[in-house]
Amino acid sequence: MAEERPEWWKTDFGPPHYELMLPEVLKKNYGKWAYHEVVKCGVIKRVAESGDTIYVVRFGTPRLLSIYTIKELCDIADKYTGGYLRWTSRHNVEFILTDESKIDDLIKEVQERTGFPCGGTWDAPTGKYALSNIIHTQGWIHCHTPAIDASGIVKAVMDELYEYFVEMKLPAMCRISLACCGNMCGAVHASDISIVGIHRAPPLVDDDAVRRTCELPSTAAACPNAAIRIKAKEKTVEVDGEKCMYCGNCYTMCPGMPLFDPENDGAAILCAGKVSDARHRPELSKVVVPWVPNEPPRWPTLVSYVKKIFLAWAENARKHERMAEFVERIGWERFFDLAGIEFTEHLIDDFRIVPFMYDSYRVGTQFRW
Amino acid sequence: MAEERPEWWKTDFGPPHYELMLPEVLKKNYGKWAYHEVVKCGVIKRVAESGDTIYVVRFGTPRLLSIYTIKELCDIADKYTGGYLRWTSRHNVEFILTDESKIDDLIKEVQERTGFPCGGTWDAPTGKYALSNIIHTQGWIHCHTPAIDASGIVKAVMDELYEYFVEMKLPAMCRISLACCGNMCGAVHASDISIVGIHRAPPLVDDDAVRRTCELPSTAAACPNAAIRIKAKEKTVEVDGEKCMYCGNCYTMCPGMPLFDPENDGAAILCAGKVSDARHRPELSKVVVPWVPNEPPRWPTLVSYVKKIFLAWAENARKHERMAEFVERIGWERFFDLAGIEFTEHLIDDFRIVPFMYDSYRVGTQFRW
Amino acid sequence: MSETPLLDQIPDGPWPSFVKEIRKTAEIQDKLVAEGKEIKMPGSARGLLKQLERSYKDKRTHWKHGGIVAVVGYGGGVIGRYSDLEDEIPEVHHFHTIRVNMPAGWFYTTKALRQLCDAWEKWGSGITNFHGSTGDIILLGTRSEYLQPMFEEMMRMDPPFDIGGSGSDLRTPSACMGPAMCEFACYDTLDLCYELTMEFQNELHRPMWPYKFKFKCSGCPNDCVAAKARSDFAIIGTWKDEIQIDQEAVREYAKWMDIENEVVKLCPTGAIKWDGKELTIDNKNCVRCMHCINKMPKALKPGKERGATILIGGKAPFVEGAILGWVAVPFIEIKKPYTEIKEMAERLWEWWDDVGKFRERVGELIWRRGMREFLRVIGKDVDVRMIRYPRTNPFMFFEKHELRPSKYLEELDKKGVKIRSFTYGEEEE
Amino acid sequence: MSETPLLDQIPDGPWPSFVKEIRKTAEIQDKLVAEGKEIKMPGSARGLLKQLERSYKDKRTHWKHGGIVAVVGYGGGVIGRYSDLEDEIPEVHHFHTIRVNMPAGWFYTTKALRQLCDAWEKWGSGITNFHGSTGDIILLGTRSEYLQPMFEEMMRMDPPFDIGGSGSDLRTPSACMGPAMCEFACYDTLDLCYELTMEFQNELHRPMWPYKFKFKCSGCPNDCVAAKARSDFAIIGTWKDEIQIDQEAVREYAKWMDIENEVVKLCPTGAIKWDGKELTIDNKNCVRCMHCINKMPKALKPGKERGATILIGGKAPFVEGAILGWVAVPFIEIKKPYTEIKEMAERLWEWWDDVGKFRERVGELIWRRGMREFLRVIGKDVDVRMIRYPRTNPFMFFEKHELRPSKYLEELDKKGVKIRSFTYGEEEE
Ligand code: SRM
Ligand code: SRM
Ligand code: SRM
Ligand code: SRM
Ligand code: SF4
Ligand code: SF4
Ligand code: SF4
Ligand code: SF4
Ligand code: SF4
Ligand code: SF4
Ligand code: SF4
Ligand code: SF4
């Protein structure tokens, strides 16, 4: 039953066509780029077959942006790039210059007006890599299931690793990601280092809320561990705390099952995942620190673990050797030594799906001592 | 309630102590061997720290032995080794000589009296390897569940590969194994090449036999695929042929569920497993030929597949490179090419246990073309 | 004393501060409101700070589940969100986000961005995420009653912006910059992304599947949008023929690059040889990993027979554990109008709709039903490149047509036992 | 025409023929019977040939399930077997096998063997397997009524032979030749095998567990009894300190061996260096794979701090897929009287008996209950060497004592929600 619509009314019209968003030089050389070179950290020179040359200048952002900051970025783009800019897949913003001589002014202006640092690039030919931005999620800013904040931890970690963003002094690519709960809205399951929020206690059933807001069968069915029993008479559910793994799947289905414990929520730290196929096939990240507490506003314990892991790799890896490749070479036993972290029982997979975890067990007797 | 027992009556007395079975020279040098050298195919020289030297001479056997053959072996042992002999973990028989000059006579005598070939050794220092005997199982000689014979196939395969047993001309160790059904009574799940009997049609329920000999709940429970439904009224069971994977687990529990189809039983061929930790960690074998028919008495199709796989490896592998290592280097795409066998849908794991099979899927985009 | 003593510690340190962004929004809006500007959510940025401060103190979220909120005609694209501190902080009682479908590759004109900002200044909190991790522009925080006017304003922009995906629908597809700026792109990621988005507008806007579904397009195996890990259907550029080599340029690199150690030795299959003068690649043995090309962009280029690999199933860990997408089609040509890919997706969805369970991603469905059935569904042949290694168990299924006629089968037939025989879409013939 | 036209084709070819073995038995026994020798199963070898010929013709087995047959006082060690051609071939109507526990390492005196052969000539078919794939001597084929007299004869031999395992019991443990002949043995495999066999005679002879259980002992990681693949509890010799190097002997090898390509380059971790004069090993990086030692037995030896790795769970594919044993204890000293290993096995069995399901091997039980519980059971600490890589999902369990006190936990407590807390064997204290 279509209502009367104004003539400008549209539906399913989709995003703006990308061509509308491309500066002339990109349209002209579309698909005809010859090569690139990283001029300095944050500045990529791209040369087309036609000989046309552009300079892409990259800046880190906090991802959460005020519209007023975006407008400032627009002002700068108007001034330097004819009104074009883009974001990267890791929340960095890029300006596309054609005039090499304006690079330094642009950098200066962006930094003065927004405080955004220039950097985050890497250069495979010379084997020099900067750290890029942290892919992350909502946290306490917006989501209803987080076990940790997102932006606050990202800020604390990036403050600590800042020098690696603005200088290309890492031996290989390193991607850090964060997700505030096990839903993992981000690439944390395949990152060099990742931080994921975890709960550690079973849901505390709010019987009233359950009665009001939840469908019992689908709530019980949501539990991967069959830890939820329907109490049909009382029209509510009961959790077997010994079976529960605090995943929050039930809470996603039913608001009557919150599981927030400020003292016991916190983060697990994973590492040695990757996505690219460069040299080594993609790999999932592995949990190396089972839990660190929530310590807002600066999460010192978490930051120190991340740094230990980061440095164990950064200081010992070979050129082009990502975390996954590094650990493959030196072995997990050596990795835990180098990072100075403890291997605990939690790190052995015991999730119910049998042979998956088994794949991580060692068969054979090859060890380092 | 102990009955009256004769005075020689014993129980739980265990196997003979191994020391009783060792020749003096082994007892004397027990745990004090210095090194070994393969003198020629089938003959291993072992030198103790004391300087004592023995020559271990190895012969292939069909495993199934007549007591009269064993007695002949005993006669020979009495003559050459002072009455001692041993079997290896792969069904070969070994004589332990102390007098080097008797080696050739021994070999001659064993061959003349038993027809057993001298060989099956390997020599890592020079990187020369003979093929050893095939670990195998009962087949039609004795078992109630086989989908193939055991000894007959072993004979046909070893006849074909005989030259590799008597000469050390392989680049690395190669272990062939056979099991006549999915119970896999042998190391076929971790062999360089293995042959395993498979059924291909669901059980044909013999209602009478089921009623007479089977417990219905445990029969139904035996099915990994929940393909068996109890027909309580009829006191029998029914099989959902579309769910059945012909594993025969139900038949093990219940004689009323035979699944022998002479035309459709046959063998799958696996390869690239290993057990030792030498260089590469142990690996499971992988199915590379889903099915070949039963063709007694000489199984020509099966033998030709085994030979193709064997030669693809033997002719292209590097020194010390076992099948698993070889395939790892050249890739499965090249392996199927080289062996001239077809990759079929059956070879992709789809057994119900989810992430196990998934581990075998490729993530990433690294391929050879 | 400050109302936000904990948040006040955030801006410390050199990395740009999100608190500063929120505070800046709050301060400017206060001023604008004072100036009489029409701002529907005045004080919401400040409210957000207050609520966040409470979270920092309480070490837990104060957001509740959202109910169903949407714009007219669409089922997805808005995440409903309510504060559990509504009495204390009414400014953020409603705080829904709108997902706005970004242009492919995240390229913008300042004009387009300014329009969005202006509208969001009026109808929302003035706070955004550039971008959400699926790729959308995230407009963070507005009330239910402003969703529709905001969307109507988006319709009227030049160019107009549409809403992205959420819920059990197609999610906003994304793409790496590809041919717009990258010399490695093996197909046109931006165009494919745009065309898929346009073709499947209905699927994107009206949740009707068992669960969510994501496309991501990367121009080469470097995978700069992490498609392999984060999309149910990843389209990764690759090539089949020989890597293109400019020997002169290689020699240029050799002047300062340690080709032996950094290229030859790091090739995962040892396919490269360098004799000081010429670089040779055993392309039969190359696995298209990109490393050598990444190292020498001036000298090496992907081959000329280009296309893409389709990987299926990538997703986060709930419930069966995280999945890295696996190879469903090792090589496919990517040619406008992309009919093959579109049809493949449609067949997959039809099947998923048919046999998928509630909240079962396609990857999990394929795990449950088997690759064989999946291949029939998408109408593709099996290829050894789909696997890392062949199966390790002999628990294979055989279909009726694969069996030899036999008495035994006749008897099974008499007993009424059916033999598996899977054919998809045959009814249609 | 021959009665066995198909089997007649078997002896073709150079490999020794099992048909010849059966035929030889048949022929000799015919003669002996004619000579009046006491042979209880006359014609059974010939019967076996006939039945096998039928199988070759029909392409299927003609053996039926065995009922329960045993010797007095024992529950296992005999596999009952009946022919479905009993009317046609009554000689093999009963054709049970006896599993005889071999001496560790399969060393024999001719005297011991002859005694066995003589007894089997009288009470059985005269056909054997040397050996079964678990390691037993397999006496192939006798009737129920001869089992007991055969066993009684075995008791009276010098030395006596006992019966091995079958059914849901401990199976006959086996061992590589180890220190008896091999220079690589890191512990005394024969002795450990013997001692385990003797300690657990009851477990071996009286099936009383959920399923079977196998021990296998290999003296070093070469694993010459395939223990890692074929035993629930594999004991594999290894060492912790430095590989012993005799540099002089290395130089001897260097005269003809390509050490660089065949040793240094094949070390899986690149731990070896060879400068033409001296071989150095970075033992921190060595994974004890044996390759270099295998290559140069005169020059290299395992270290002096020797012991074993325990791997758990190895088994065939039913039902959850084949398992290669995985590391449960990376290093354990192996010292007579082997108390630690024995106690570990006992605790494992006790737990398995307690919580194991019917036909569930210990490996599958551990999969089901988790390594954590298993470690408590065997009383061992966790070690990173148990895994190839840490878990990829964050679905960890935490126990009560690991949590911080909190209001939330108090409320859970009030609601009666129990928090996991696993302690094994604590009751005893
Ligand atoms: C801009 C961006 C694409 C986009 O459309 O937004 C991009 C751009 C480039 N990537 Fe990327 N990658 C981008 C995200 C990624 C991602 C995705 C991610 O991080 O989530 C990956 C996969 C990460 C992973 O594997 O976990 C990625 C893995 C690579 C690799 C593989 C490196 C490796 O050793 O694994 C290369 C090759 C290389 O080293 O040059 C690469 C190469 C490149 C090149 C050199 C391609 C080219 O020829 O221009 C580009 C610039 C390099 C530089 O910064 O100096 N890009 N690149 C993304 C920038 C994100 C950022 O702001 O940091
Ligand atoms: C006699 C026997 C042990 C026994 O107690 O019976 C034995 C004896 C030796 N093995 Fe073994 N292995 C024996 C079964 C095995 C098995 C088990 C099996 O095949 O089921 C394996 C594991 C197979 C696997 O990984 O699939 C095995 C894997 C090795 C290896 C590892 C080779 C590799 O590259 O993976 C070595 C090292 C080597 O190459 O010398 C080895 C080395 C040796 C040495 C050199 C040890 C020594 O110092 O004496 C022995 C003789 C070598 C020769 O024949 O030239 N032995 N060896 C077994 C002979 C079986 C046969 O008749 O062929
Ligand atoms: C906004 C965003 C995070 C961000 O800060 O960027 C996000 C936010 C939420 N995600 Fe997500 N997901 C977001 C990208 C992802 C990604 C990454 C991606 O798409 O590349 C993933 C992992 C990839 C995948 O699809 O598996 C992801 C995996 C999930 C899951 C787990 C799905 C699964 O199959 O395991 C859930 C749970 C669910 O759907 O119920 C989820 C659910 C949610 C919900 C809707 C919470 C819920 O349980 O209902 C979150 C709303 C937060 C809020 O209040 O705004 N989100 N979510 C991302 C979407 C922005 C955008 O459109 O651009
Ligand atoms: C005789 C022997 C094969 C041979 O020819 O050598 C054998 C024969 C049988 N095995 Fe086995 N198994 C024999 C070694 C093995 C091995 C190898 C080993 O022990 O090293 C395995 C694989 C390792 C393992 O334990 O997993 C093995 C895995 C099985 C299985 C599968 C068990 C599983 O958990 O998957 C079964 C099925 C069962 O137990 O019901 C089985 C069952 C059987 C039965 C009893 C048939 C049955 O279903 O009841 C077979 C009796 C055959 C017969 O008529 O004589 N047999 N069986 C081996 C024992 C001889 C001996 O004592 O020395
Ligand atoms: S990871 Fe979890 S808490 Fe964070 S935004 Fe996604 S669903 Fe919300
Ligand atoms: S939190 Fe997860 S494991 Fe616990 S009851 Fe809820 S759904 Fe089940
Ligand atoms: S593999 Fe199967 S058929 Fe062969 S002996 Fe073992 S149980 Fe019997
Ligand atoms: S053969 Fe296996 S899958 Fe088929 S019904 Fe029997 S137990 Fe089930
Ligand atoms: S994925 Fe490949 S084509 Fe796309 S931006 Fe990255 S390197 Fe370039
Ligand atoms: S693309 Fe990768 S695999 Fe191919 S030659 Fe280059 S480095 Fe080797
Ligand atoms: S396992 Fe080791 S110790 Fe035992 S025989 Fe083999 S090489 Fe020797
Ligand atoms: S034992 Fe293996 S890992 Fe250790 S140094 Fe020798 S070859 Fe290398």
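Residues numbered from 1 in each chain as written. Chains lettered and ligands numbered in written order. Predicted model: local features only at pLDDT ≥ 70, side-chain atom pairs only at ≥ 80, totals over all residues. Heavy atoms only, no water.

**Section: the site of ligand 2**
Around ligand 2 lies a shell of 33 residues, among which B:Trp122, B:Ser132, B:Ser276, B:Arg322 and D:Cys224 are the nearest. Nearby residues around ligand 2 are contributed by chains B and D. The contact in question runs from an oxygen atom of ligand 2 to an N or O atom on the side chain of B:His36, over 3.2 Å. Between ligand 2 and B:Arg46 there is a distance of 2.6 Å, counted from an oxygen atom to a side-chain nitrogen or oxygen. (Near = heavy atom within 4 Å. Polar contact = N/O pair within 3.5 Å; in protein donor to acceptor, adjacent residues only side chain to side chain.)

**Looking at the packing of helix α11 (residues 339–355) of chain C against helix α12 (residues 362–369) of chain C**
Residue and element names in this part refer to chain C. For the pair α11 and α12, the least separation of the axes is 11 Å and the interaxial angle reads 70 degrees. Comparing their axes, α12 and α11 come out roughly perpendicular. Taking contact as the criterion, the partners of Leu348, Trp351, Trp352 and Val355 in α11 are, on α12, Val362, Leu365, Ile366, Arg368 and Arg369. (Axes fitted to C-alpha atoms, helices over the stretch in contact; angles between N-to-C directions. Helix = DSSP H or I, 4+ residues; strand = E, 2+ residues; numbered from the N terminus. Parallel < 35°, antiparallel > 145°, perpendicular 65-115°, else oblique. Contact = heavy atoms within 4.5 Å.)

**Some points on the interface of chain D and chain B**
Facing the 124 residues of chain D at the interface are 119 residues of chain B. A buried area of about 10900 Å², summed over both sides, lies between chain D and chain B, and 64% of it is on carbon and sulfur atoms. Viewed at the interface, chain B and chain D are joined by 66 residue pairs in polar contact (both at pLDDT 80 or more). In terms of residue count, helix α1 (residues 18–34) of chain D provides more of the side of chain D that touches chain B than any other element does, nine residues in total. (Buried area = accessible area lost by both parts, 1.4 Å probe.)

**As for the packing of aromatic side chains**
Residue and element names in this part refer to chain D. Under the defined criterion, the tally for this structure stands at 76 aromatic pairs over all chains. Seen from their ring centres, tyrosine 108 and phenylalanine 130 are 5.9 Å apart, and the 55 degrees between their planes marks the pair as tilted. In this pair, tyrosine 108 is assigned in strand β5 (residues 107–109) and phenylalanine 130 in strand β6 (residues 127–130), connecting sequence segments 22 residues apart. Across this residue pair, the class does not change: tyrosine 108 and phenylalanine 130 are buried. (Phe/Tyr/Trp six-rings, centres within 6.5 Å; stacked < 30°, edge-to-face > 60°. Buried < 20%, exposed > 50% of the residue type's maximum accessible area, 1.4 Å probe, protein only.)

**With respect to the coordination of the iron atom of ligand 3**
Six octahedral donors around a metal ideally sit at 90 or 180 degrees from one another, while four tetrahedral donors ideally sit at 109.5 degrees. Looking at the protein side alone, the iron atom of ligand 3 has one donor only, A:Cys185 (SG), at 2.3 Å. Structurally, A:Cys185 is set in the loop between β9 (176–179) and β10 (193–198). (Donors = N, O, S within 2.8 Å, 3.2 Å for Na, K, Ca; no water.)

**Regarding the sheet that holds strand β14 (residues 286–293) of chain B**
Residues and elements named next belong to chain B. Reading across from one edge, β9-β10-β13-β14 is the order of the four strands in this open sheet, with mixed pairing throughout. What marks the edges here is a single partner per strand, and that holds for β9 (176–179) and β14. Each strand axis lies, on average, 20 degrees off the axis of its neighbour in the sheet, ignoring direction. As judged from the five bridges shared by strand β13 (residues 266–271) and β14, these two strands associate in the antiparallel manner. Within β14, the position partnered with glycine 266 by the bridge is proline 293. Its contacts with the sheet place helix α11 (residues 332–339) against β13 and β14, and it is angled at close to 30 degrees to β14. (Pairing = 2+ DSSP bridges.)

**Points about the state of the cysteines**
Residue and element names in this part refer to chain A. If you walk through the whole model with that rule in mind, you get two disulfides over all chains. Note on cysteine connectivity: cysteine 214 is disulfide-linked to cysteine 254, with sulfurs 2.1 Å apart. Across the disulfide from cysteine 214 to cysteine 254, rotation about the S-S bond amounts to roughly 80 degrees, and the bridge is consequently right-handed. Linking cysteine 214 in the loop between α5 (207–213) and α6 (216–221) with cysteine 254 in the loop between α7 (249–253) and β13 (266–271), this pair joins segments that are 40 residues apart in sequence. Here cysteine 214 and cysteine 254 have matching classes, each one buried. (Disulfide = S-S within 2.5 Å.)

**What about the site of ligand 11?**
All residues in the neighbourhood of ligand 11 are listed as D:Cys176, D:Met177, D:Cys182, D:Phe184, D:Ala185, D:Gly219, D:Cys220, D:Asn222, D:Asp223 and D:Cys224. The residue makeup of the shell around ligand 11, split by class, is seven nonpolar, two polar and one charged. (Nonpolar A, V, L, I, M, F, W, Y, C, P; charged D, E, K, R; others polar.)

**Considering the pattern of salt bridges**
All names here are of chain A. Across all of its chains, the model carries 123 salt bridges over all chains by this definition. Note that aspartate 159 is salt-bridged to lysine 155, the shortest N-O span being 2.8 Å. Within this pair, aspartate 159 and its partner lysine 155 are both found in helix α4 (residues 151–166), separated by four residues, close to a single helical turn. With a relative accessible area of 1%, lysine 155 lands in the buried category. We note a salt bridge from arginine 211 to aspartate 208, for which the minimum N-O separation is 3.3 Å. With arginine 211 and aspartate 208 both in helix α5, this residue pair falls three residues apart, about one helical turn. (Salt bridge = Lys/Arg side-chain N within 4 Å of Asp/Glu carboxyl O.)

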